[in-house]
Amino acid sequence: MPCQSSDELKALVIEAKKYTKDGKVADYIPALGKANPKDLSIAIHYPDGPCISAGDIERKITLQSISKVISLALVLMDRGSDYVFDYVGMEPTGDPFNSIAKLETMIPAKPLNPMINAGALVVTHMIKGKSIEERFQRLVSFIRELTNDPTVNYCEEVARSEFETAHLNRALCYFLKQHKIIDEDVEQLLDLYTKQCAIEMNCLDLAKIGVVFAMDGVDPVSRRQIMPPDIARICKTFMVTCGMYNASGEFAIKIGIPAKSGVSGGIMGAVPGRFGIGIFGPALDEKGNSIAGIKLLELLSAKHSLSMF
Ligand code: DON
């Protein structure tokens, strides 16, 4: 569906863009450091059109942690929720996304939720398939179905850049392996996880994924039920409680919609029953969320009473 540019969204982007100067592009994954911190764009996908946007919505961004909510949906369909939650918990941590601290103090040592890196690595470990390639292709196929975009793929440069520098994620994997939460080769799992995080798309595709979650798993374009409503519900609940990491509480109070961020500066939002949102603004706050993206959502939520609470 073509996306129309909207004067209202353009004005909100101009207002929120001022905040980009207070943020910093993520560079712990070196390839992400090349992003322009001044960028800010948004697309909104309604269930039955039109789609509206502002900014350079053609620009591709890697999903990073936004992929965690999608791999969770796939794994819940693959294995069922009882199995999945035997290995990963349902509670927010209040800690940074890559923290190892609670793994050591929790008994059993399973990660507290699937949105922190430790939990997401366990989820990626659970994607079914005979090989890394098959597991990755299953995830990509699912994302192509969600976006209706058969060209979605991953960025090799970003995947390689993260794989070469993911020492903290390696540490998390070895800890999880020692405690028998995962039982595969760590380098193989990291190969799959870093490719997952490097899957790239534009804001419009991101908004399209958001609208599927917003409509309880139904693709409003094809009218197909892409995931069961119960799985969409679980994913949206995690987006509210853990989607913005240790800023999720403040985000719920100030904005009040299910959303998931990534260190590339993407945010995928799902306004229940109403629309999906895709945002790209690579300048991040100190918690790893898009600083101007959050401001933009705050303005939008206040103006259109989007909070679900
Ligand atoms: O594992 C990592 O560190 C990255 N691939 C993803 C982290 C991320 O996006 C956290 N988001 N705010």
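Quick caveat: nothing in here was measured; it's all calculated off a predicted structure. (Residues numbered from 1 in each chain as written. Predicted model: local features only at pLDDT ≥ 70, side-chain atom pairs only at ≥ 80, totals over all residues. Heavy atoms only, no water.)

Draft legend 1. Quick peek at the pairing of strand 2 (residues 41-45). By the criterion of burial, strand 2 is predominantly enclosed, with 5 of the 5 residues buried. Every second residue of strand 2 is oriented toward a common face, with S41, A43 and H45 on one face and I42 and I44 on the other, all of them buried. Summarising the sheet, strand 2 and strand 9 (residues 275-280) pair through 5 bridges and their orientation is antiparallel. Bridging across to strand 9, I42 finds its partner in I279. Pairing between strand 2 and strand 3 (residues 51-54): 4 bridges, direction antiparallel. From the neighbouring strand, A43 faces strand 3, where its bridge partner is S53. Counting the residues in the hairpin turn of strand 2 and strand 3 gives 5 residues, including G49, whose phi is positive at 65°. (Buried < 20%, exposed > 50% of the residue type's maximum accessible area, 1.4 Å probe, protein only. Helix = DSSP H or I, 4+ residues; strand = E, 2+ residues; numbered from the N terminus. Pairing = 2+ DSSP bridges.)

Draft legend 2. Looking closely at the nonpolar core. Within the largest apolar cluster, 70 residues are counted, with the highest numbers of intra-cluster contacts made by I70, I143 and M227. Composition of this core by domain shows at least three residues from each of domain 1 (4-63 + 202-303) and domain 2 (66-197). When sequence neighbours within four positions are dropped, the list of residues in contact with I143 reads L63, I70, V152, I199, M201 and I209. Judged by nonpolar contacts, the second largest core, of 25 residues, contains M244, I267, I277 and L300. (Core = buried A, V, L, I, M, F, W, Y, C linked by side-chain atoms within 4.5 Å. Domains from an automatic or database assignment. Contact = heavy atoms within 4.5 Å.)

Draft legend 3. Local environment of the site of the ligand. The local shell around the ligand holds 15 residues, among which Y28, Q64, S65, E162 and Y193 are the closest. Q64 places a side-chain nitrogen or oxygen 2.7 Å from a nitrogen atom of the ligand. Residue S65 places a side-chain N or O atom 2.6 Å away from an oxygen atom belonging to the ligand. Protein chains shield 99% of the accessible area of the ligand, which is 340 Å² for the free molecule. Of the residues assigned to the shell around the ligand, the class counts are 7 nonpolar, 7 polar and 1 charged. Viewed by domain, the shell around the ligand spans two of them, domain 1 (4-63 + 202-303) and domain 2 (66-197), each represented by three or more residues. (Near = heavy atom within 4 Å. Polar contact = N/O pair within 3.5 Å; in protein donor to acceptor, adjacent residues only side chain to side chain. Areas by Shrake-Rupley, 256 points an atom, 1.4 Å probe, with all protein chains shown as cover. Nonpolar A, V, L, I, M, F, W, Y, C, P; charged D, E, K, R; others polar.)

Draft legend 4. Broad picture of the sheet that holds strand 4 (residues 61-62). Reading across the sheet, the 3 strands line up as 4-6-5 and stay open at both edges, with antiparallel pairing between neighbours. One side of each edge strand has no neighbouring strand; the edge strands of this open sheet are strand 4 and strand 5 (153-154). As defined by bridge partners, strand 4 adjoins strand 6 (residues 199-201) across 2 bridges and the pair is classed as antiparallel. Note that in strand 6 the partner of T62 across the bridge is E200.

Draft legend 5. Main features of the UniProt feature "binding site: substrate" (unreviewed entry) in the protein. Cross-referencing UniProt, the feature "binding site: substrate" (unreviewed entry) maps to S65, N117, E162, N169, Y193, Y245 and V263 in the present numbering. The topology assignment puts S65 in the loop between strand 4 and helix 2 (66-79). In terms of polar contacts, S65 uses its side chain to reach the side chain of K68, at 2.9 Å. Beyond its immediate sequence surroundings of up to four residues, V263 is in contact with A26, Y28, I29, L32, Q64, F97, L284 and G288. (UniProt positions renumbered as here; feature names shortened; annotations may be inferred.)

Draft legend 6. Expanded view of the packing of helix 1 (residues 7-17) against helix 13 (residues 291-304). Running from amino to carboxyl end, helix 1 crosses helix 13 at an angle of 135°, the nearest separation of the two axes being 9 Å. In terms of their interaxial angle, helix 1 and helix 13 are classed as oblique. Where helix 1 crosses over helix 13, the handedness of that crossing is right-handed. Facing helix 1, whose interface residues are E8, L9, L12, V13, E15 and A16, helix 13 presents A292, K295, L296, L299, L300, K303 and H304. Looking at side-chain class alone, the contact of helix 1 with helix 13 contains 8 nonpolar, 1 polar and 4 charged residues. (Axes fitted to C-alpha atoms, helices over the stretch in contact; angles between N-to-C directions. Parallel < 35°, antiparallel > 145°, perpendicular 65-115°, else oblique. Left-handed = near helix turned anticlockwise from the far one by under 90°.)

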